[in-house]
Amino acid sequence: MKNIYKPLKSKIENIVHESPGIKSFVLKPDEEFRFDTGQFIELTLPGFGEAAFTPSSSPFEKKRFEVTIMKAGYVTSLFHDIKKGIPVGVRGPYGAGYPVKQFEGKDVLILGGGVGLAPLRSLLLTLVAQKQNYKRIILCYGAKTPSDIIYKDQFKDWEKKGVQILRSVDKPDTSWQETVGVVTVLLDKIKVDTSKAVVAVCGPPVMMKFGTFKLLEIGFKPQSIYLSMERNMSCGVGKCGHCAFGPYFVCKDGPVFTYDQIKDFPDVWL
Amino acid sequence: MKPKVAFFDFASCEGCQLAVLDLEEELLDLVNIVEIVNFREAISEKGEDYEIAFIEGSISSEHQIERIKKIRKQAKLLITIGACACTGNMQYLSNFFDFEEVKEYVYGDKAKYFDPVQSKPIDQIVNVDFQIPGCPIDKYEFLKVVKQVIAGGLPRIPNYPVCSECKMQGNECLLKKGILCLGPVTRAGCGAICCKNFKYCFGCRGLAPEFNIESFKDVLRSIGYKEKGIMAQFKIVNGKDIQLLQSGGK
Amino acid sequence: MHKISSEKFHKVLEQIIKDNETYGAVKKRDEYIYDRLETLSDLEIENYVPTVLPPKKYFYPQEEDLVQIDYKTKKANRVIFKKEIVLLGVRPCDINAISLFDRIMSDGNPDPNYLERRKHITVIGFDCVKSCWEHALCEAVGTINVKEGYDLFFSEYKKEYVIKTGSKKGEELFDRYIKNSHKLSEKERDDYHHERAERIKKFNHKVKYLFQDVSSIFEKHYDDPYWKEIGKICLMCGSCVMVCPTCYCFTMDEEVDLKLQTVTRKRKWDGCMLRDFAMVAGNHNFRPTAEMRLKHRWNRKFNYLLKKYHMSNCVGCGRCGFACLVKINPIDILNTIMGNYYSGVKHESEK
C-alpha cells in the first residue's frame, strides 16, 4: 500500500522575490514529478509542518516545479525565512485540476487577484503551450498596489505569446498607466461571447465572491465558471476533514469547482 | 554554534525552573543543543551574553521593571514560562485592591522601605515573543518549544480548551459531578493532568483563544455556584483577562 | 447461527481473556472505560452503559506516529504501530462505528496506519438486551443491528447465548473456543429474531420522526433556527467530537527529537467544533461560529456522509449528549429540526 503520509524529498533550487510578502520557490524533487494544472501539493518543512500550495509552473516541466508563497501563517512565514539549497518534502499531487480539455475551442478568461494568480499562472502556461486549441486567452489581474503585482517581468512575455492582458490596482502610484479599481472593473472592458467562453477565478475570498457575481451578471453560465475554493487542505487525501466544504472535500473533489457544482450550497462565500 | 540561553526569575515560586530541571535525562541532551549561561536554580555562572531568555515570575517592584527591560534589550528572543510571567497568576490579585492597603497588609509599618508595584505579567512591561503557560509549566511542552526555537521557528501550542484533552484521556467530567472546573475555557496543552487526577482545572494555562463565557457561567450556576464564587475562581490565575472581559475588551 | 449455555458463555470468555491481550468495558469510579481485562469479573456485561471513550482509541489512537524523517538527509520512513489485541463486549453502536471506520479508511486513498493496525484487532461483540441510558438513539438510527465490523457476536436469547460469526477470523475463533454448540433450527432462528425485535420495541424511542427522511430534511432546513439557538450556548469545547465513535478528523504535527536527528510526523485527534480546524493562513476562518460548526458536524452525520455510505454516521451511542455540558444532543437535534420541518416552521433564508 502506498504510504499517503510520506513526503518526497525535494531541494529548493531558487527563490524569487515577487513582491513584498510574496516569494516564488523553484523545487527540484528527487524523482520525476507530474501534476495536472490546478492540482495542489503538500509542502513540508521537516520539523515544522506542512501547508498546501498549487504549483504555479507549467505541468509540462517534469523535473522542477514552482510554488508561489505569500507570507500569511506559520509555515508560510518559515518558508520566507529559508535559503536556497534547503531540502523540503513534497506530497501529492492531490485533487482535481482544471479540465483544460473542456476549454478547447473556447475563449478562456482568467480572473486573478493578488497571490491568487499563482495557480492561474500554471493554467496560463498550460494554455499558452497549446495555444492553437483555444480561441483567445484573456488575463484580468488585480493587485492592491503596483508593487504587489507578482510575476512582474513575465506579463510582457505572455503578451508576446498572444495573451490579452488587463491589469488594475486599487491604489496606483505615479507611474501607473493602467486601470485603477478592483479587478472586477476590468470585466467591463472586455468583450467575450459568454456562451462560448469559460473563466477560471482565483483570489482572496471577497474577490472570488464579487468576481463570480459580476461574471454571472455579464452572462457567464454557472457551469463555465471555474473557482479555486481552497481551504486548509491538510492530509490531501480526504481523510483528516479540515477542508470539508459542505458535502465535498476540497482536497479530493476540488480544489477547482464549477460554480454550478457549489452554487446551491449554503455558506459558499465565507 | 550553540545558542546561549539564560533563565531569570521574578516574583514566583521558581517551580517552573524546577520543572525544567526535572527533565533529568533530557536535560543532558538539551545542553548539547544550547549553552546555558545563566540559570540561578542550577548553575553558579552568571553570564550576561545570551540570545534566548526564559523568564519566570511576574513584575512586582520598580527594580524588577528596570531588570526586565535590561533583559529585553539583550535577548533576541524573550520567552515567558509559567502562569506568573504569562498571566500574572495570583499575584495579580493585588490589582483588585487598594494598593496602599495591600502594602500595609504585607509590610506593616515597614512599607516605606520597599518599592512594590501592583504585580504585572511580563507582557504588560516589555514585548514577549512567546509564552509557555501553566502553573507549573509542562516540562515536555517546554522541551518542544526549545527544539522549535533552536530549529528556527516559533512554536505552536494548543488553541483548544482543556475539555478536548480531558476527553481524549477518557477522564470523567468533574463538572458533571458538580465540581467547579475551568476546563471549558482554559487553554489545553497540559494533558488535562489535574482532571486526570481528579482535581479540578483552575485555569493555570490562561483562557483559551475562544470560549463562551456566558454559557459557561450558566452551566456553573446550574450546578449551584454564585456569580461571586465563579469570578473568584477565574481571578485566581486569570485576573488580567477577567479585568479585560469586564471592561468589554477581548 | 449457534447457541451455547450461559455457563459455557462465561467459560469461553474467561478462556479468551486468559489467552489474549483483551480489553473491555470496566467500571472506574462512576463511569465506564475500555481497559485491560485480567479476569472476566473485570468486564461489565449486565449493566453496561457507554464508556467515556469508544473503543476507537485502539484502532485510531489519540496520537500516533506516521512518518519519521531523517533530519540531515530528509529521507522519510513510515511508522505503523500495531499490536495483537482482542476487544471484548463491543456493543452494536460501536460495532457499526468500527464498520464505518473500516469503510472510510479504505475508501479512495487507503490509510495504511489504520488498515494495518485493524488487521491485528479482534472484535467480539455483545448484543444489548435493554436500553443502556437515556441518551441513546441506536434503535432510531438503525445501529442496534450489526452487519459488519465484528468477528464474533453474542446475543442473549432465553438465558442462553446465540453466536454469530462475522469474518474468517471469527470462524477460527468459533472453532477454537466454542466447538460444541447447538445449531439453531429454522424455527428457533425465527423465534430468536422475533424475540429480539420485541426486546428492541422496549428501547428508548425518543426520536419522534421517521429517520429515513433525515438527510433531505437536513438539506431543506439547513438554516433551521435551532442551529442558532444551540450555537449560542455551545461552549466550543470539543467534547462531543472527542467522545464520538465515528468522528475521524485529525491534525498533523511534526516534532524534532532532542539530538536533532529525527523528525516525527504525528497525527492527533482534531475536530470541527474547535477554533483552528477550518482556519487558514492569515487567520481566515471558514467556520468562525459555533452555529456553523454544529451545522457542519451534524450535517456530516445525518446528511453528507449518510448519503455517501448509506448509513447514519451517528451510531446513536449518546456519548456526546452525555458529555455536553449545555445538553446539546442528537435526540433534540433530530426532534427539533424534523419537527420544525413538518410543522412548517420557516428557516432563516425563507424569512
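Treat the numbers as computed from the prediction; the structure is a model and nothing was measured.

Enquirer: Would you mind showing me how to read the overall build of chain B here?
Expert: What chain B contains, in helices and strands, is 10 helices and seven strands. Projected onto its principal axes, the C-alpha positions of chain B cover 55 × 50 × 30 Å. The long-range share in chain B, meaning contacts at least 24 apart out of those at least 6 apart in sequence, stands at 73%. Carbon and sulfur atoms make up 53% of the accessible area of chain B, which totals about 11300 Å². Counting 32 positive and 33 negative side-chain charges, chain B places the averaged centre of each group 4 Å from the other.

Enquirer: Explain the sheet that holds strand β5 (residues 65–70) of chain A here, please?
Expert: Paired through their backbone hydrogen bonds, the strands of a sheet run either parallel or antiparallel. Residues and elements named next belong to chain A. Ordered in space as β4-β3-β6-β1-β2-β5, the six strands form an open sheet in which the pairing is antiparallel. Sheet topology places β4 (49–53) and β5 at the edges, where each strand pairs with a single neighbour. On average, each strand axis in the sheet is tilted by 40° relative to the strand beside it, whichever way the strands run. Where strand β1 (residues 8–19) lies against strand β6 (residues 87–94), four bridges are found, and the strand directions are antiparallel.

Enquirer: Can you help me understand the domain arrangement of chain B in this one?
Expert: One frequently used descriptor of interface size is the decrease in accessible area upon assembly of the parts. Residues and elements named next belong to chain B. In terms of domain boundaries, chain B breaks down into domain 1 (4–150) and domain 2 (162–246). A separation of 25 Å is found between the C-alpha centroids of domain 1 and domain 2. Opposite the 17 residues of domain 1 that make contact, domain 2 presents 14 residues. Seen at the junction of domain 1 and domain 2, the total is two salt bridges. Among the ionic pairs, K240 bridges to D123, the shortest N-O distance being 3.6 Å. Counting every contact that joins domain 1 to domain 2 gives six residue pairs in polar contact (both at pLDDT 80 or more).

Enquirer: Which parts of the structure should I look at to understand the interface of chain C and chain B?
Expert: Contact with chain C, which involves 39 residues of that partner, is made by 35 residues of chain B. Carbon and sulfur atoms make up 58% of the surface buried where chain C meets chain B, a total of about 3200 Å² over both sides. Broken down residue by residue, the surface that chain C buries against chain B is led by L235, L258 and L325 of chain C, which jointly contribute 22%. Scanning the region where chain C abuts chain B turns up five salt bridges.

Enquirer: How should the confidence of the model for chain B be read in this particular structure?
Expert: Detailed reading of the predicted model is not advised wherever pLDDT is low. On average, residues of chain B score 91 in pLDDT, and 99% of them reach the 70 mark or higher. ipTM for the predicted complex: 0.90, alongside a pTM of 0.91.

Enquirer: Looking at this model, I keep getting lost on the state of the cysteines. Mind explaining?
Expert: Two cysteines, two sulfur atoms, one covalent bond between them: this is a disulfide. Counted under the stated rule, the structure contains zero disulfides over all chains. A disulfide-free cysteine, C163 of chain B has its sulfur positioned 4.4 Å from the sulfur of C237 of chain C, the nearest such atom. With no disulfide of its own, C249 of chain C has C272 of chain C as its nearest cysteine by sulfur position, at a separation of 6.1 Å.

Enquirer: For this particular structure, what's the right way to read the packing of aromatic side chains?
Expert: Remark: the centre distance and the inter-plane angle together describe each pair of aromatic rings, the angle taken between the planes. Residues and elements named next belong to chain B. Within this structure, the stated rule accounts for 41 aromatic pairs over all chains. Centroid distance F216 to F234: 6.3 Å. Interplanar angle 85°. Geometry classified as edge-to-face. With F216 in helix α9 (residues 213–222) and F234 in helix α10 (residues 227–246), the pair connects residues that are 18 residues apart, well separated along the chain. Residue F234 is classed as buried on the basis of its relative accessible area, which comes to 0%.

Enquirer: Would you mind showing me how to read the domain arrangement of chain A here?
Expert: Residue and element names in this part refer to chain A. Assigned domains within chain A: domain 1 (8–94) and domain 2 (100–228). In this structure, domain 1 and domain 2 have C-alpha centres spaced 23 Å apart. The interface is formed by 17 residues belonging to domain 1 together with 17 residues belonging to domain 2. When domain 1 packs against domain 2, close to 1200 Å² is buried across both sides, 58% of that on carbon and sulfur atoms. It is E18, T37 and F60 that lose the most area in domain 1 upon contact with domain 2, and together they represent 38% of the buried surface on that side. Here domain 1 and domain 2 share one salt bridge between them. Note that E66 is salt-bridged to R121, the shortest N-O span being 3.2 Å. At the boundary of domain 1 with domain 2, the tally comes to nine residue pairs in polar contact (both at pLDDT 80 or more). At the level of elements, β1, β2 (22–29) and β5 are the ones that each hand at least two residues to the side of domain 1 that touches domain 2.

Enquirer: Please explain the interface of chain A and chain C as it appears in this structure.
Expert: Taken together, the contact between chain A and chain C spans 39 residues of the former and 44 residues of the latter. Summed over both partners, the interface of chain A with chain C comes to about 3500 Å²; 61% of that surface belongs to carbon and sulfur atoms. Counting across the chain A and chain C interface gives one salt bridge. In this structure, R265 of chain C engages E50 of chain A in a salt bridge whose closest nitrogen and oxygen atoms are separated by 3.0 Å. Put simply, chain A and chain C have 18 residue pairs in polar contact (both at pLDDT 80 or more) between them. Mapped onto the side of chain A that touches chain C, the elements with two or more residues apiece are β3 (40–45), β4 and β6 of chain A. In terms of residue class, the side of chain A that touches chain C is built from 19 nonpolar, 10 polar and 10 charged.

Enquirer: What should I look at first to understand the side chain of H296 of chain C in this one?
Expert: With respect to the helices and strands, H296 of chain C occurs in helix α11 (residues 290–309). Exposure remark for H296 of chain C: the relative accessible area of 5% places this residue in the buried category.

Enquirer: Is there a simple way to explain helix α4 (residues 205–217) of chain A in this structure?
Expert: Note that an α-helix has 3.6 residues per turn; residues three or four places apart therefore point the same way. Residue and element names in this part refer to chain A. Helix length check: α4, at 13 residues, gives a terminal C-alpha distance of 19 Å against a target of 18 Å (1.5 Å per residue), a fit within 8%. Buried within α4 are the following residues: M207, M208, G211, T212, K214 and L215. Each buried residue of α4 sits inside an arc of 165° when the element is viewed along its axis, so together they form one side. In this structure, α4 carries V206 and E217 as exposed residues pointing more than 90 degrees from its buried face.

Enquirer: Help me understand the environment of C135 of chain B in this model?
Expert: Residues and elements named next belong to chain B. For C135, the location among the structural elements is in the loop between β7 (130–132) and α6 (139–151). Considered as a pair, C135 and K70 are 65 residues apart in the sequence and their alpha carbons are 26 Å apart. What C135 contacts, discounting residues up to four positions off in sequence, is A83, N89, F202 and C204.

Reading the values: the criteria
- Residue indices begin from 1 for each chain and proceed along its sequence in written order.
- Chain A is the first chain written and ligand 1 is the first ligand written, with later ones labelled in order.
- The model is predicted, so local features are restricted to residues of pLDDT at least 70 and side-chain atom pairs to those at 80 or more, both for listing and for counting; the totals for chains, interfaces and linings are taken over all residues.
- The basis for every side-chain value is the complete set of non-hydrogen atoms in the structure, without hydrogens or water.
- Strands are runs of DSSP state E lasting at least two residues, helices are runs of H or I lasting at least four, and both sets are numbered from the N terminus onward.
- What makes two residues a contact is simply this: any of their non-hydrogen atoms within 4.5 Å.
- For the area figures, the Shrake-Rupley method with a 1.4 Å probe applies, and any residue is considered shielded solely by the protein chains shown.
- Lys and Arg are tallied as positive, Asp and Glu as negative. Neither His nor the chain termini are counted.
- Here the site of a charge means atom NZ of a Lys, CZ of an Arg, CG of an Asp or CD of a Glu.
- Pairing between strands is defined by DSSP: at least two bridges between the two strands are required.
- Geometry is summarised by axes, namely lines fitted to C-alpha atoms with helices restricted to the contacting stretch, and by angles between N-to-C directions that run from 0 to 180 degrees.
- For each domain, the first and last residues come from an automatic or database assignment.
- Any Lys or Arg side-chain nitrogen located within 4 Å of an Asp or Glu carboxyl oxygen qualifies as a salt bridge.
- Under the rule applied, a polar contact is a pair of N or O atoms within 3.5 Å (in protein, one hydrogen donor and one hydrogen acceptor; residues adjacent in sequence only if both atoms are side-chain atoms).
- The quantity reported as buried area is the accessible area (1.4 Å probe) lost by two parts once they are put together, taken as the sum for both.
- By definition, pLDDT measures how confident the predictor is in each residue, and it falls between 0 and 100.
- Any two cysteine sulfur atoms within 2.5 Å of one another count as a disulfide.
- When the centres of two rings from Phe, Tyr and Trp lie within 6.5 Å, Trp using its six-membered ring, the rings pair. Their planes under 30 degrees apart give stacked, over 60 give edge-to-face, and anything left gives tilted.
- Classification of residues uses two cut-offs on accessible area relative to the type maximum, computed with a 1.4 Å probe and protein chains only: under 20% is buried, over 50% is exposed, and between them is partly exposed.
- Gly is put with the polar residues, along with every residue not named as nonpolar or charged; the nonpolar set is Ala, Val, Leu, Ile, Met, Phe, Trp, Tyr, Cys and Pro, and the charged set is Asp, Glu, Lys and Arg.
- Given a helix with a known number of residues, its expected span is that number minus one, times 1.5 Å.
- Each C-beta atom gives one direction from the helix axis, and the arc is the one those directions make.

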